[in-house]
Amino acid sequence: MYVRDTIVAPVTPPGRGAVAIIRLSGPDAIQILRTIWQPARPGTLRARRLYLGDVRDPATGAPIDRALAVVMPGPRSLTGEDVAELHCHGGPFLVRRVVGVAAACGARMAERGEFSRRAFLNGRIDLTAAEAIADLIEARGESALAQALAHLNGALKDRVGTLRERLIAIAAHLEAEIDFSDEDIALPTRADIARRIAELRQDVAALHQSFARGRLMRNGARAAIIGKPNVGKSSVLNLLLGVERAIVTPIPGTTRDMIEDTIHVGPYPLVIQDTAGVRAGTDEVERIGIERTLMHAGEADLLIAVFDGSGALEPEDLRVVELCRGRAGVALLNKRDLPAAIGVTDLRARGLTMPVLRTSALRGDGFDTLREELAAAAQALAGDGRGDTVAISRERHRDALARALAALDAAHHSAQGAMPPEIVAVDIAIAADALAQVSGQVTSEDVLDAVFREFCIGK
Ligand SMILES: Nc1nc2c(ncn2[C@@H]2O[C@H](COP(=O)(O)OP(=O)(O)OP(=O)(O)O)[C@@H](O)[C@H]2O)c(=O)[nH]1
Ligand SMILES: [Mg+2]
């Protein structure tokens, strides 16, 4: 439950740094600040200005730090409440001490995401903006940053808001039909209503389908390097990363544990995973490694299938071809610096459909093309609408839109079937409610708990 008490927390990460910021929010925020901090020059504190002063323990008068302070009275503040901040020196002991004296004056330690939650509850931000703040902090690449910023600025809220307004307009026409059905005024025909519902459904479906693209922008794509032992998988990983991340030896079965790291090709981060070579496991550790390979291969968005071009195809290679069936990615005929024993046609004859590149992980040949292929494959995963930064990226959004779609289907069906307007109106209301859940106009404590749990303390 939301209690209007005063909360306190460090908003900068724990550890040593030049500055640590401690934030207070709530009815007593400013009074608590004035109790534990006195300005170097006495006088009133103007809003949103920094003042230099001293932090002291009010119980003993002992000095704690020399710090800057700022007050931001509500409702025009981050949380909508009175907010006060101390910009102290960034020492962990010091920070604990300052938070401790604030607590002794009646402030309560903030929970994860509690500042943002208050901002939401006080109408300062909607739920998509709150989520965007979390995404902004987590962003690992350009696309994630662009998406988070767009959503922070209300792009997703507006997109959903427009859809909802169109729904409400349809609902208004249905209401008119209910209220004035006996009177002789021009109302949209039932076919009209059905057509408008169908159009709206299409736009809601497009947003629902943007989930894959949104996830890609937020989390990047996963590419698993697979192949039989000793074909050069770890060498490929190291070359793509530009560092010797994985151990490379001439001994088949070198890699047992999955190793992953992120590269940037095109706008999306690409998490590359090196895996244990696929073969009939010789020992327990390797067997487990291979099981994991199969699991990671199954979960990856893209596969990089490596074959040794200097040797004949073996049953393990055919197993790899099998794993590639119907999957996106790229195949490598590696070790092209050695005399070729097989060519692209041999792989095609076994049913491999992915693009095939001839590479040498020893010399780096073909790797520029590989990066281009990977960028193109990641782009293709984004589907239609690439470049549009409005895309849903959370299951919460997807589920709400799915509920809206189901209700629109029902409404369309009723409208076409000449059902009474009341029946159509019920489903339209359900759809509008589902859309309102995206931005949090309609929400529950459980949903809020789930959203704000993602946040760190002090956010
Ligand atoms: N000549 C040549 N040797 C290569 C090439 N790529 C990798 N190798 C060598 O092949 C051996 C195996 O390379 P790795 O990268 O460890 O192969 P892997 O597929 O990860 O092997 P496992 O982890 O055992 O499954 C090493 O001796 C590499 O130096 C290549 O393009 N040309
Ligand atoms: Mg390896």
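Note that residues are indexed from 1 along each chain, following the sequence as it is written. Just so you know, chain letters begin at A and ligand numbers begin at 1, following the order they were written in. With the structure being a predicted model, the display of local features is reserved for residues of pLDDT at least 70 and the display and counting of side-chain atom pairs for 80 or more, all residues being used for whole-chain, interface and lining totals. Computation of side-chain values covers all heavy atoms of the structure but excludes hydrogens and water.

An α-helical segment advances 3.6 residues per turn. Residues three or four places apart therefore align on the same side. When the terminal C-alpha atoms of helix H10 (residues 284-299) are compared, their 23 Å separation across 16 residues agrees well with the 22 Å that a helix rising 1.5 Å per residue should span. All buried positions along H10 are accounted for by Glu286, Gly289, Ile290, Thr293, His296 and Ala297. Take H10 and look down its axis: the buried residues cluster within an arc of 125 degrees, on one side only. Those residues of H10 that are exposed and aimed more than 90 degrees away from the buried face are Gly298 and Glu299. Any two residues whose heavy atoms approach within 4.5 Å are treated as being in contact. For the purposes of this entry, the term helix denotes a DSSP run of H or I that reaches at least four residues, the term strand denotes a run of E that reaches at least two, and both are numbered from the N terminus. Residues of H10 that are buried make contact with strand S8 (221-226), strand S10 (268-274) and strand S11 (302-308). A helix is expected to span 1.5 Å multiplied by its residue count minus one. Any residue under 20% of the maximum accessible area for its type is buried, any over 50% is exposed, and the rest in between are partly exposed; the area is computed with a 1.4 Å probe on protein chains only. Within this analysis, the arc is defined by the directions that extend from the helix axis to the C-beta atoms.

The axes are straight lines fitted to the C-alpha atoms, using for helices just the contacting stretch, and the angles between their N-to-C directions are given from 0 to 180°. Running from N to C, helix H8 (residues 211-219) and helix H13 (residues 367-382) point in directions that differ by 135 degrees, and their axes come no closer than 7 Å. Taken as axis vectors, H8 and H13 run oblique relative to one another. Contacts from Ala212, Arg213 and Leu216 of H8 reach H13 at Ala378, Leu381 and Ala382. In terms of residue class, the contact of H8 with H13 is made up of five nonpolar, no polar and one charged. Oblique is the label for any angle not covered by the other classes, which are roughly parallel (under 35 degrees), roughly antiparallel (over 145) and roughly perpendicular (65 to 115). Side-chain classes follow a simple rule in which Ala, Val, Leu, Ile, Met, Phe, Trp, Tyr, Cys and Pro form the nonpolar group, Asp, Glu, Lys and Arg form the charged group, and the remainder, Gly included, forms the polar group.

On to a nonpolar patch on the surface. Each patch is built from salt-bridge-free residues with over 30% relative accessible area, joining like charges within 9 Å and nonpolar side chains (Val, Leu, Ile, Met, Phe, Trp, Tyr) within 5 Å. Computed with a 1.4 Å probe, the accessible areas rest on the Shrake-Rupley method; for each residue, only the protein chains presented here act as cover. Here, a salt bridge means any side-chain nitrogen of Lys or Arg that lies within 4 Å of a carboxyl oxygen of Asp or Glu. A cluster of nonpolar residues, Leu50, Leu52 and Leu68, forms a patch on the protein surface that exposes about 240 Å² of accessible area. Tracing the chain through its elements places Leu50 in the loop between strand S3 (37-39) and strand S4 (51-56).

This brings us to the coordination of the magnesium ion (ligand 2). Within the first shell, the magnesium ion (ligand 2) binds the protein through Ser234 (OG) and Thr255 (OG1), at distances of 2.0 to 2.1 Å. Residue Ser234 is located in helix H9 (residues 233-241), and its partner Thr255 is located in the loop between H9 and strand S9 (259-265); the two are separated by 21 residues in the primary sequence. One exposure class covers both Ser234 and Thr255, and it is buried. Any N, O or S atom lying within 2.8 Å of the metal counts as a donor, with the limit raised to 3.2 Å for Na, K and Ca; because water is left out of the atom set, some sites can appear incomplete.

Interfaces are often sized by the amount of accessible area the parts lose when they come together. We note that the domain assignment places domain 1 (7-126), domain 2 (146-210 + 393-440) and domain 3 (226-379) within the chain. Residue ranges for the domains trace back to a domain assignment, done automatically or taken from a database. A straight line from the C-alpha centre of domain 1 to that of domain 3 covers 53 Å.

Positionally, Ala418 belongs in the loop between helix H14 (395-416) and helix H15 (421-439). In this structure, the C-alpha to C-alpha distance between Ala418 and Ala194, residues 224 residues apart in sequence, is 9.6 Å.

The rule is simple: put a 1 Å grid over the protein atoms alone, call a set of points where a 1.4 Å probe fits but cannot get out a cavity, call an open set with protein on both sides within 12 Å along at least five of seven lines a pocket, and count a residue as lining if it has an atom within 4 Å of a point. Grid points are joined across faces, edges and corners, and a volume is the space filled by probe spheres set on the points. Empty space within the largest pocket amounts to approximately 460 Å³. Residue lining of the largest pocket: 29 residues in total, with Gly232, Lys233, Ser235, Val248 and Thr249 positioned closest to the centre. Its residues placed into classes, the lining of the largest pocket shows eleven nonpolar, 13 polar and five charged. In this structure, the second largest pocket spans a volume of roughly 390 Å³. Taken together, 22 residues form the lining of the second largest pocket, with Pro10, Val11, Thr12, Pro13 and Pro14 sitting closest to its centre. In terms of residue class, the lining of the second largest pocket is built from twelve nonpolar, six polar and four charged.

Okay, the site of ligand 1 next. Any residue with at least one heavy atom within 4 Å of a molecule or strand is counted as near it. Taken together, 23 residues form the shell around ligand 1, and within it Lys233, Ser235, Gly253, Thr254 and Asp337 come nearest. Polar contact is the term for a pair of N or O atoms within 3.5 Å; when the atoms are in protein, one must be able to donate a hydrogen and the other to accept it, and sequence-neighboring residues count only if both atoms are side-chain atoms. In the environment of ligand 1, an oxygen atom lies 3.3 Å from a nitrogen or oxygen atom belonging to the backbone of Val231. Note that an oxygen atom of ligand 1 is positioned 3.2 Å from one of the backbone N or O atoms of Leu362. Taken by itself ligand 1 offers 650 Å² of open surface, and the protein chains cover 91% of this. Each molecule is assigned to a cavity or pocket provided more than half of its atoms lie within 2 Å of the corresponding grid points. Among the cavities detected, the one that contains ligand 1 is the largest pocket. In terms of residue count, H9 provides more of the shell around ligand 1 than any other element does, three residues in total. Split by residue class, the shell around ligand 1 holds nine nonpolar, eleven polar and three charged.

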